[in-house]
Each structure stands twice: as C-alpha cells, then as structure tokens.
Amino acid sequence: MTAVRQDAWSAEDDLILAEVTLRHIREGSTQLNAFEEVGERIGRTAAACGFRWNSCVRKKYEAAISIAKAQRQKRNYMKKQTPLTAGSGMASLTSVEMDDGGYRSDGVTEETISIDAVIRFLRGWKNTVQESNRQMKSLEKELREKEEELAALREENERLSAQVNEVQTDYRVVNDDYKALIQIMDRARRLAFLNEEDEESKSRFKMDANGNLERIE
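Residues numbered from 1 in each chain as written. Predicted model: local features only at pLDDT ≥ 70, side-chain atom pairs only at ≥ 80, totals over all residues. Heavy atoms only, no water.

A. Quick look at the overall build of the protein. Per the secondary structure count, the protein includes six helices and two strands. Counting only residues that meet the buried cut, the protein has 16% of its 217 residues in that class. When contacts within the protein are restricted to residue pairs at least 6 apart in sequence, those whose partners lie at least 24 apart make up 45%. In the structure as shown, the protein presents an accessible area of about 17,200 Å², 54% of it carried by carbon and sulfur atoms. (Helix = DSSP H or I, 4+ residues; strand = E, 2+ residues; numbered from the N terminus. Buried < 20%, exposed > 50% of the residue type's maximum accessible area, 1.4 Å probe, protein only. Contact = heavy atoms within 4.5 Å. Areas by Shrake-Rupley, 256 points an atom, 1.4 Å probe, with all protein chains shown as cover.)

Shown next, in the form of structure tokens:
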C-alpha cells in the first residue's frame with residue numbers, strides 16, 4: 001500500500017487554489033492576495049500555496065487564466081466607460097450591458113462568458129483527443145502492416161535459404177561425381193598403358209645362325 005504524506009495536496013485543495021486564484025485574477029487583484037486567502041481556508045501558508053500554484057496547478061489552467069485576464073480587461077474597460085456613481089451610475093451600467101449583450105448585470109455577463117469559453121475549450125480539447133486517437137489508430141495500423149511485411153520477408157528469407165542449401169547439396173554431389181569420373185578415367189588410361197606394355201613384352205625376337213630374326217613366342 002502506498003504511503004500518503006500528511007501534508008500532501010488533495011484534489012480538493014488544488015481546486016480551491018485554482019478557483020480563488022482565477023477569481024483574484026479576474027477581479028484585478030494580486031496572486032499574493034489569492035494565496036493568502038487560500039492559505040486561510042485550507043490551513044497552509046501563502047508561500048506554500050504560491051509554490052503549489054506555480055509548480056503544479058498553473059499549467060492545468062492556462063486557458064482559464066487567459067479567460068480570466070480577458071475578463072479583467074473587460075471589467076477595467078467597463079469601469080472607464082461607465083463611472084460608478086450612486087443611482088444613475090448603476091442604471092447606466094445596466095443599460096449598457098443590456099444594449100450590448102442582453103445581460104442584466106456585470107456578474108451575469110462574466111459568468112456567461114466564462115462558461116462559453118470553458119465549453120469552447122472543452123470542445124477544442126475533445127477534438128484534440130479525437131485527432132490524437134485517429135493518429136494513434138493510424139500508427140497502429142501502420143505498425144501491423146510493417147509486422148506483416150516483416151513476417152513475409154522472414155518467410156521469403158527462409159525459402160531462399162532452403163534453396164541455397166539445396167543447390168549447395170547438388171553442387172557437392174556433382175563435384176563428387178566429377179571427381180569419381182576423373183579417377184575412373186585415370187585408372188582406365190593407366191590400364192590401357194599397361195596393356196600396351198604387356199603386348200610389347202610378349203613379342204620378342206632372336207637371330208638364328210644364318211642372321212635371320214625369328215619371333216620368340
């Protein structure tokens with residue numbers, strides 16, 4: 001069983017850290033304030049929260065961070081365009097937002113934009129995963145084809161090796177037959193030479209008293 005450190009960060013801690021930090025970014029506050037708030041909620045120091053955010057959590061929420069920054073810019077722009085004064089200021093803010101997008105308040109507008117952006121992000125992520133799966137299937141198919149091709153080449157190699165062995169065997173047999181034929185021909189030549197010598201040795205002559213040669217049988 002794997003031991004778990006008592007000070008380990010849980011998924012819930014990471015979620016709280018992400019939500020609070022994104023809210024502070026969206027509202028124009030500093031990340032340090034966010035880390036202090038998170039530390040009070042989960043019983044950790046602001047430094048520990050900052051280290052966790054920068055080392056682990058931040059990379060999971062890059063898209064959400066971009067959205068929060070965009071919302072902060074829009075909030076600042078709206079504040080510059082519509083000064084928040086008592087009474088008429090609030091009415092002016094509501095009127096501008098209803099003419100622009102049909103929303104009732106700044107909070108509703110931000111939440112709607114955030115949800116839409118998250119949906120777009122998830123759809124894009126889904127398309128990325130699907131494309132990765134298609135590429136993986138294509139690679140698997142190509143790998144199977146290469147394995148089949150390799151198996152066919154191995155089979156062809158075995159067949160050719162068997163043919164080479166058969167040819168080598170036939171060559172040895174023919175070579176042995178050729179050597180045997182040469183030996184036979186050599187023996188036949190020597191026997192013929194010996195027979196000629198025997199014939200010559202059988203025909204002998206001698207001279208008689210009158211000086212004539214006579215054959216000795």
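B. Looking closely at a nonpolar patch on the surface. A contiguous nonpolar patch, built from Val 118, Phe 121, Leu 122, Trp 125 and Val 129 and spanning about 470 Å² of accessible area, is present on the exposed surface. Residue placement: Leu 122 occurs in helix α6 (residues 106-202). (Patch = residues over 30% accessible without salt bridge, like charges linked within 9 Å, V, L, I, M, F, W, Y side chains within 5 Å. Salt bridge = Lys/Arg side-chain N within 4 Å of Asp/Glu carboxyl O.)

C. Molecular detail of the packing of aromatic side chains. In the structure shown here, the tally under the stated rule is zero aromatic pairs. Above the face of the Trp 9 ring, Arg 44 is positioned so that its terminal group lies 4.3 Å from the ring centre. (Phe/Tyr/Trp six-rings, centres within 6.5 Å; stacked < 30°, edge-to-face > 60°. Lys NZ or Arg CZ within 6 Å of the ring centre and 35° of its normal.)

D. Here's a closer look at the pattern of salt bridges. By the definition in use, this model includes seven salt bridges. Close ionic contact of Asp 186 with Arg 189 constitutes a salt bridge, the shortest N to O distance being 2.9 Å. Of the two residues, Asp 186 and Arg 189 are both situated in helix α6; the distance of three residues between them amounts to about one turn of the helix. Across the pair Asp 186 and Arg 190 runs a salt bridge, and its minimum N-O distance is 3.4 Å. Of this pair, Asp 186 and Arg 190 both sit in helix α6, four residues apart, which is roughly one turn of that helix. Exposure remark for Asp 186: the relative accessible area of 29% places this residue in the partly exposed category.

E. Just the confidence of the model for the protein, in detail. Residue-level pLDDT values for the protein average 77, and 72% of them are 70 or greater. Under a pLDDT of 50 for its full length, residues 84-112 has, in the predicted model, 28 contacts with residues more than four places off or in other chains. (pLDDT = per-residue confidence, 0-100.)

F. Fine view of the side chain of Asp 13. Inspection of the secondary structure puts Asp 13 in helix α1 (residues 11-26). Judged by relative accessible area, Asp 13 falls into the buried class, the value being 14%. In this structure Asp 13 touches Ala 8, Ile 42 and Arg 44, once residues within four positions along its chain are discounted.

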